[in-house]
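Fold and geometry: a report
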Amino acid sequence: MGQQPYYQSRPVPGRGTPLPPPAHAPMASPYRGWRPPPGAPFPGYPAPQPPPAYRVPPVRPVYPPPAGYGPRPHARGGSHTGLIIGGVVCALIAALVLGTMAVLALRPSRDRSARATTTWQYPATTIRSTAVWTASSTSPTAAPTPPPPPGPKPVYALGNNPLFRNQDAGFTNAPCSTSTWPFDIPHADAFYRDLRGCMDPEWRRLLDGHDLPWSSPGLVVAGSYVDSPCGGEYFGRETAAFYCPSNNTIYMSVVGVPPARYGNHDGIYLAVYAHEYGHHAQELSGVWGEYWSQRRAAGVDSPQGLELSRRAELQAQCFSGMFVGSRRGGTITQQELDLAWNDQDRGDGQQPKRDHGSNQHAEAWWRHGSLKNRLWECNTWLADSSAVS
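Residues numbered from 1 in each chain as written. Predicted model: local features only at pLDDT ≥ 70, side-chain atom pairs only at ≥ 80, totals over all residues. Heavy atoms only, no water.

The name recorded for the protein chain in an unreviewed UniProt entry is Metalloprotease, from Mycobacteroides saopaulense. Per its UniProt entry, the protein chain bears the Subcellular location (unreviewed entry) comment "Membrane". (UniProt positions renumbered as here; feature names shortened; annotations may be inferred.)

The next point concerns the overall build of the protein chain. Along the protein chain, the regular secondary structure elements total 9 helices and 7 strands. Considering the protein chain as a whole, with its 389 residues, one finds that 41% of them fall into the buried category. (Helix = DSSP H or I, 4+ residues; strand = E, 2+ residues; numbered from the N terminus. Buried < 20%, exposed > 50% of the residue type's maximum accessible area, 1.4 Å probe, protein only.)

Before going further, it helps to spend a moment on the layout of surface pockets. Regions of empty space are outlined by a rolling probe, equal in size to a water molecule, passed over the atoms. Of the voids in this model, the largest pocket is the one considered here, and its volume is about 1500 Å³. Looking at the largest pocket, it is lined by 45 residues, and the ones nearest its centre are Glu238, Thr239, Ala240, Ala241 and His356. For the lining of the largest pocket, the elements supplying multiple residues, two or more each, are strand E6 (242-244), helix H4 (259-262), helix H5 (266-285), helix H6 (287-298) and helix H7 (303-326). Split into classes, the residues belonging to the lining of the largest pocket amount to 16 nonpolar, 16 polar and 13 charged. (1 Å grid on protein atoms, 1.4 Å probe; cavity = no way out; pocket = protein on both sides within 12 Å on 5 of 7 lines; lining within 4 Å. Points joined across faces, edges and corners; volume = space filled by probe spheres on them. Nonpolar A, V, L, I, M, F, W, Y, C, P; charged D, E, K, R; others polar.)

A few words on the confidence of the model for the protein chain. Averaged over all residues, the pLDDT of the protein chain equals 74, while 64% of them reach at least 70. Here residues 1-17 is a poorly scored stretch, pLDDT under 50, and it has 35 contacts once near neighbours within four places are set aside; other chains count. When the criterion is pLDDT under 50, residues 19-78 qualifies, and its contacts beyond four places in sequence or with other chains add up to 67 contacts. (pLDDT = per-residue confidence, 0-100. Contact = heavy atoms within 4.5 Å.)

Taken as a whole and judged by the stated rule, the model has 3 disulfides. Covalent S-S linkage joins Cys176 and Cys198, the inter-sulfur distance amounting to 2.1 Å. Every disulfide takes its handedness from the sign of the S-S torsion; for Cys176 and Cys198 that torsion is 95 degrees, giving right-handed. Of this pair, Cys176 sits in the loop between strand E2 (141-142) and helix H3 (185-209) while Cys198 sits in helix H3; the two residues are 22 residues apart in sequence, bridging distant segments of the chain. The buried category is assigned to Cys176, whose relative accessible area is 1%. Here Cys318 engages in a disulfide with Cys378; their sulfurs sit 2.0 Å apart. (Disulfide = S-S within 2.5 Å.)

Burial analysis of strand E7 (residues 249-253) places 5 of its 5 residues in the buried class, which makes it a mostly covered element. Along E7, one buried face is formed by Thr249, Tyr251 and Ser253 and the opposite face, lined by Ile250 and Met252, is buried too. One ladder, built from 5 bridges, connects strand E3 (residues 218-222) with E7; its direction is parallel. Pairing of Leu219 across the sheet is with Ile250, part of E7. As judged from the 3 bridges shared by E6 and E7, these two strands associate in the antiparallel manner. Residue pairing for E7: Phe242 is matched across the bridge by Tyr251. Two successive antiparallel strands, E6 and E7, enclose a turn made up of 4 residues, where Asn248 displays a positive phi of approximately 50 degrees. (Pairing = 2+ DSSP bridges.)

Turning to H7, a few remarks are in order. When the terminal C-alpha atoms of H7 are compared, their 35 Å separation across 24 residues agrees well with the 34 Å that a helix rising 1.5 Å per residue should span. Most of H7 sits inside the fold, with 21 of its 24 residues counted as buried. (Expected span 1.5 Å × (residues − 1).)

In this structure the tally under the stated criterion is 16 aromatic pairs. Seen in terms of ring centroids, Phe171 and Phe323 are 5.2 Å apart; in terms of plane orientation they differ by 85 degrees. Their pairing is edge-to-face. You can see Phe171 sitting in the loop between E2 and H3 and its partner Phe323 sitting in helix H7, a full 152 residues away along the chain. Take Phe171 and Phe323: they sit in the same class, and that class is buried. Look at Trp341 and Trp366: their rings are 6.4 Å apart centre to centre, the planes differ by 85 degrees, and that puts the pair in the edge-to-face class. Of this pair, Trp341 sits in helix H8 (residues 334-341) while Trp366 sits in helix H9 (residues 359-372); the two residues are 25 residues apart in sequence, bridging distant segments of the chain. (Phe/Tyr/Trp six-rings, centres within 6.5 Å; stacked < 30°, edge-to-face > 60°.)

Encoded structure:
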């Protein structure tokens, strides 16, 4: 199969355009639930209240502790037989303890030293002890614990990473629906967790299928500023969201992707979130580690280092387009796909530092992913330099 013209723009697909395989099925739009009225305010303004017909969940009841946990009432009358028996038992136990301590004190110091240095080892994978006693020792010896079976490991490679080996690997065509929209931080947190619930099983299937590790990314939703292990970040004109590989966490913002501009349109928010999740997939597969190793070797801001950065970012754009294109159904309607399609001029623009790619290439790679829905089609590491400028 010949090289695809990644850098050429493509028209918005029509409403009846079939989705690319690997799976295609009719998808109904499920009921979404209550949504605030249009015109969401910026953070700091009062949030719109639900209409009178909206059912507010009842207050969670407070459950008292069981009666047996409380203080018992004092018994009236009765004999003192129980007290007498209890006193005798306590006296016997005290005598036994004192006798044991005396015997230990009379033993040679060599025996005490050997006992103090005895080490017990219990396997972490079993509840019962597997300690084995031997006739030649007075101390128990732990049975050796077999090493855990080797699990998937990241492969530190770029163009030849196993992630791109199977030319049929892509997202299934399944609907994705959300319960709210990100008009403030609490609702944005619920919204992006809904999106993560759609993306986790898809990326897990793909990474597992290539014998690569998988884990769900963390999520932090912020306003105009956030601290992270990767440093502090201001959201706004230049930063919509970011991924920090140090703690495998995606940082979203209600200022970076403002609801007053984008309104109640899932496709645009999903495209931004899916881009950052694409970086998470790069990190898990080993692509991100190899990319940074080569970039540091070349010089982070050298021409070669900046080109490596553009390849990484444009690949995340392609992954984002793949996912949004495959989710046509549920609350990701054809209209939402079209809005996201026309909102991908998220490259360097007129910025002097060329580390994300031109706006035209940011659009082209996203649209290419949405039409092709194949991981190997997003292999920017093998693309010509003219396609990642």
